[in-house]
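Listed below, chain by chain, are the residues.
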Amino acid sequence: MDQLSINQKVFIRRSDGRVHLAGIIKLEGGSSNLVTVEWLEGHTVRGKELPLELVVLMNPQIFEAPRCSGALANQTASIPPRSRKQRLMAGSFLPRVPPTIVPPNRQDGVVIQVERLRRQREQRRELQSRARQVREKVKSQDPGNPDWEIARMIRLQRLQMDSQPVKSRSSEGPPKEHQIVVCVRKRPLRRKELEARELDVVSIPSKDMLVVHEPRKHVNLVKFLDNHSFRFDYVFDEDCSNATVYEFTARPLIRHVFEGGMATCFAYGQTGSGKTHTMGGQFVGRQQSSLGGIYAMATKDVFDNLASPAYASLKLSVSCSFFEIYGSRVYDLLRPGKPQLRVLEDGNQQVQVVGLTENPVKKTADVLALLELGNSVRTSGQTSANSKSSRSHAVFQIALRSSTNERLHGKFSLIDLAGNERGADNSSADRLTRLEGSEINKSLLVLKECIRALGRQSAHLPFRGSKLTQVLRDSFIGGKKVKTCMIAMISPGLHSVEHTLNTLRYADRVKELTVDCVTPKRLINPLASVPNIFFKSQNQSDYPYASSNSLPSEAIQSQDGSNTTNDLNRSQEEQTHNSGRHLTQKKNAQEASQMLAKSLARFRGRNIP
């Protein structure tokens, strides 16, 4: 770089191979070593940046070894010169040979860059070839499956899980004694789904947790799995029978009914998820066998407890009623012609179903006869998901009354809810089907709000929002005398993953908010004590759901070390701590209200001390 200077003329090589002179206008040393030159081409001044190496190759005469300096010439000039004859004899007088010019290297920056791109292209093609071979090898392991990539990712996910499903009560210990119990049951794939190579996207790693593998795509169209984890009281896989589900859900409520309480057990889920199969029993062709359903098993346990010495002294009688709620109308399923009934409130503000038939029963066979009669006239229809879909809420009630004064001692309501559906799935249906779907979804939303209010011990219950909650009013009012069990039914198929997630979020919402504190337990924010009318945390969502990468309760477990997010099993110490925290929250809310009032007053020009 020291041999070069500004405005010095050097030879350069153009991209098209031409060589000509150009003037140096800029020199950059250091790590870059760039030389900027310009030349006149016609009436246009052009320029170019060249590496120093290319300038050296094109101009070797500039960088030759320097000649002897003047001082050295003066020193040698003092030596007497030799004659021509002496020099010829010494052999030092040789004919002058012109200097050889090293031809410049034609591999300039463009050629080097093209070579580098060629090598990269070859490496990329080699990697693509290897990936194609691996892809074909994996695809051959699952021939004929269009979703083989998703199936492979799900298999890899399940290899990392230890499956521990619910087996029996003897192996799991005593049932959980909660006011609200939320369970999830996964139905097996149907024969049509197996023939269509439908994928099972629901995994159950433990008895109280399940993972939904939702297929997604990145922006570059690369497929991946979004894993949604949920935790409930019990999770039943496709191998669990109706008897196993009954052992953990409805059977613990029988003793509560004999102790004078109100119990409710209902099945919730999308159309075709197995609600009627769980509550009513298995279908044999077009007919339903009521022997293996929760209805029949609960009735059998009621008569067994009625004959036991512990409750024989109560002298109780058993009566059953069976009715359906279709839209906003109530029909009696045990009377000929299925007449419509009216739902009214009496003078004591008790909801009464006028004209509802309560048939006294003496044994299990009498109840099975009533169930077969009611199921044969229940309203059903054909939807996009199920050829025989229940379009009404079926309510089967077992009432225990005193034999002496006919006073109600306890009531057990078993409800087979109609399947929830999205409006997008009914876009091609007729007007009647769409109206049915809207009424079903409306009643299910009101039912969720009532269960939330029951879990929070709220003073207000919005039971008048639908006929379903209005009829079940006595199942929500009564404090500790009321217990509820929800069985969320899900379909494991890939095409039902959105319905499955909606059902699980509904159930998670119900269980998550059944705590003593009004503020959701999932919030981890120091300002969470301020009411929502003054502040809303960014971490709070109107529809919270479990994270796709971790369990929803990991963050809370790491802080308080208590149960999971939607677990209701609280100790006495936790209740005491919660009561103190409620007082602190109430005080903070009052302070926030006063601060807000002062701010509004100052804004309006008033002065509040």
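Placed above this text is the structure.
Summary of the structure given here. (Residues numbered from 1 in each chain as written. Predicted model: local features only at pLDDT ≥ 70, side-chain atom pairs only at ≥ 80, totals over all residues. Heavy atoms only, no water.)

1. Re the overall build of the chain
Inclusion rule: Numbering of helices and strands starts at the N terminus; helices are DSSP runs of H or I of at least 4 residues and strands are runs of E of at least 2. The buried label goes to any residue with under 20% of its type's maximum accessible area, the exposed label to any with over 50%, and the partly exposed label to all in between, with areas taken from a 1.4 Å probe on protein chains only. Contacts between residues were defined by any pair of non-hydrogen atoms, one from each residue, lying within 4.5 Å.
Helix and strand counts for the chain stand at 18 helices and 22 strands. Put simply, the chain has 609 residues, and 43% of those count as buried. Residue pairs in contact within the chain that sit at least 24 positions apart in sequence constitute 64% of those at least 6 positions apart.

2. Considering a nonpolar patch on the surface
For clarity, the threshold we go by: Exposure above 30% relative accessible area and no salt bridge define the residues that can form patches, which grow by joining like charges within 9 Å and nonpolar side chains of Val, Leu, Ile, Met, Phe, Trp and Tyr within 5 Å. Areas reported here follow the Shrake-Rupley algorithm with a probe of radius 1.4 Å; residue values treat only the protein chains shown as occluding. Any carboxyl oxygen of Asp or Glu that lies within 4 Å of a side-chain nitrogen of Lys or Arg is treated as forming a salt bridge with it.
A cluster of nonpolar side chains, namely Phe 11, Val 19 and Leu 21, defines an oily patch on the protein surface of about 250 Å² accessible area. Here Leu 21 shows up in strand S2 (residues 19-28). Note on Leu 21: relative accessible area 45%, which makes it partly exposed.

3. Section: the sheet that holds strand S6 (residues 202-206)
Stated precisely, the cut-off is as follows: At least two DSSP bridges between two strands are required for those strands to pair. Here, axes are lines fitted to C-alpha atoms. For helices the fit covers the stretch in contact, and angles between N-to-C directions go from 0 to 180 degrees.
Read from one edge to the other, the open sheet built from 3 strands follows the order S6-S7-S8, with strand pairing classed as antiparallel. A strand with exactly one partner marks an edge of an open sheet, and here the two such strands are S6 and strand S8 (223-231). The mean angle between the axes of side-by-side strands here comes to 30°, regardless of whether they run parallel or antiparallel. Of the strand pairs in this sheet, S6 and strand S7 (residues 209-217) are connected by 3 bridges, and their pairing is antiparallel. Each residue of the ladder has a partner; that of Val 202, found in S7, is Val 212. Of the strands in this sheet, S6, S7 and S8 are in contact with helix H5 (residues 148-159), which crosses S8 at around 45°.

4. Some points on the sheet that holds strand S3 (residues 34-41)
Strand order in this open sheet of 4 strands is S1-S2-S3-S4, and the pairing throughout is antiparallel. Each edge of the sheet is formed by a strand with only one pairing partner; in this case those strands are strand S1 (9-13) and strand S4 (44-51). Going across the sheet, the axis of each strand differs from the next one's by a mean of 45°, ignoring polarity. Pairing of S2 with S3, which is carried by 5 bridges, proceeds in the antiparallel orientation. Of the residues in S3, the one forming a bridge with Gly 23 is Glu 38.

5. A few points about helix H11 (residues 294-306)
The following threshold applies: Given a helix with a known number of residues, its expected span is that number minus one, times 1.5 Å.
Between the first and last C-alpha of H11 there are 18 Å, a value that for 13 residues agrees with the 18 Å anticipated at 1.5 Å per step. Burial analysis of H11 places 10 of its 13 residues in the buried class, the great majority of the element. Within the sequence span of H11, burial applies to Ile 294, Tyr 295, Ala 296, Met 297, Ala 298, Thr 299, Asp 301, Val 302, Phe 303 and Leu 306.

6. Observations regarding unusual backbone geometry
Of all residues except glycine, most have a negative phi; of all peptide bonds, most are trans. The phi angle at Asn 33 is positive, at roughly 50°, despite the residue not being glycine. With respect to the helices, strands and loops of the structure, Asn 33 is situated in the loop between S2 and S3. With a relative accessible area of 25%, Asn 33 lands in the partly exposed category. Here Lys 315, not a glycine, exhibits a phi torsion of approximately 55°, which is positive.

7. Focus: the packing of H11 against helix H13 (residues 364-376)
What counts here: Roughly parallel means an angle under 35 degrees; roughly antiparallel means over 145; roughly perpendicular covers 65 to 115; every other angle is labelled oblique. Handedness of a crossing follows from how the near helix is turned relative to the far one, being left-handed for an anticlockwise turn of less than a right angle and right-handed for a clockwise one. Only Asp, Glu, Lys and Arg are considered charged in this grouping, and only Ala, Val, Leu, Ile, Met, Phe, Trp, Tyr, Cys and Pro are considered nonpolar; every other residue, Gly among them, is considered polar.
The geometry of H11 relative to H13 is characterised by a closest axis approach of 9 Å and an angle of 155° between their N-to-C directions. As summarised for this structure, H11 and H13 are arranged roughly antiparallel, according to the angle between their axes. Viewed along their axes, H11 and H13 form a crossing whose handedness is right-handed. Across the interface between the two elements, Tyr 295, Ala 296, Thr 299, Lys 300 and Phe 303 from H11 touch Thr 364, Val 367, Leu 368 and Leu 371 from H13. In terms of residue class, the contact of H11 with H13 is made up of 6 nonpolar, 2 polar and 1 charged.

8. Examining the nonpolar core
Convention followed: Each nonpolar core is a collection of buried residues, namely Ala, Val, Leu, Ile, Met, Phe, Trp, Tyr and Cys, held together in the definition by side-chain atoms within 4.5 Å.
Counting residues in each nonpolar core, the largest one holds 56 residues, and the members touching the most others are Leu 210, Phe 232 and Met 486. Counting residues in each nonpolar core, the second largest holds 47 residues, with Val 181, Cys 183, Ala 296 and Leu 333 among its members.

9. Here we look at empty space enclosed by the protein
Put simply, the test is: For cavity detection a 1 Å grid was placed over the protein atoms alone, and a set of points counts as a cavity when a 1.4 Å probe fits there but cannot get out; an open set counts as a pocket when protein lies on both sides within 12 Å along at least five of seven lines, with lining residues being those that have an atom within 4 Å of a point. Grid points are joined across faces, edges and corners, and a volume is the space filled by probe spheres set on the points.
Applying the stated criterion to the full structure yields 2 cavities of 30 Å³ or more. Taken as a whole, the largest cavity holds about 100 Å³ of empty space. Around the largest cavity, the lining is made up of 13 residues, and of these Lys 176, His 178, Val 181, Pro 252 and Leu 253 lie nearest the centre. Only helix H9 (251-258) and strand S22 (482-490) provide two or more residues apiece to the lining of the largest cavity. In terms of residues, the lining of the largest cavity owes the most to one element, S22, which gives 3 residues. By residue class, the composition of the lining of the largest cavity is 6 nonpolar, 4 polar and 3 charged.

10. Topic: H13
Put simply, the rule reads: The arc in question is traced by the directions running from the helix axis to the C-beta atoms.
Compared with the 18 Å implied by 1.5 Å per residue over 13 residues, the 19 Å span of H13 between its first and last C-alpha is a close match. When H13 is considered as a whole, its buried residues turn out to be Val 367, Leu 368, Leu 370, Leu 371 and Gly 374. Considered in projection along H13, the buried side chains sweep an arc of 160° and stay on one side of the axis. For H13, the elements touching its buried residues are H11, strand S13 (316-326), strand S17 (359-361) and strand S20 (393-402).

11. A look at the pairing of strand S15 (residues 340-345)
Pairing of strand S14 (residues 329-332) with S15, which is carried by 2 bridges, proceeds in the antiparallel orientation. Residue pairing in the sheet places Tyr 331 in a bridge with Gln 340 of S15. Counting the residues in the hairpin turn of S15 and strand S16 (residues 351-354) gives 5 residues, including Gln 349, whose phi is positive at 60°.

12. Points about the pattern of salt bridges
Between side chains of opposite charge, a pair can form when the charged atoms approach closely. One pass over the structure, following the stated rule, counts 23 salt bridges. Here Glu 126 makes a salt bridge to Arg 130, at a shortest N to O gap of 2.7 Å. With a gap of 4 residues between them, Glu 126 and Arg 130 both fall in helix H4 (residues 109-141), about one helical turn apart. With relative accessibility at 48%, the residue Arg 130 sits in the partly exposed group. One salt bridge connects Lys 186 with Asp 200, and the closest N-O pair in it is separated by 2.7 Å. Of this pair, Lys 186 sits in strand S5 (residues 180-186) while Asp 200 sits in the loop between helix H7 (191-195) and S6, placing them 14 residues apart in sequence. Exposure class is identical for Lys 186 and Asp 200. Each is buried. Salt bridges here are not isolated pairs; linked through shared partners, they connect Arg 158, Lys 186, Asp 200 and Glu 238.

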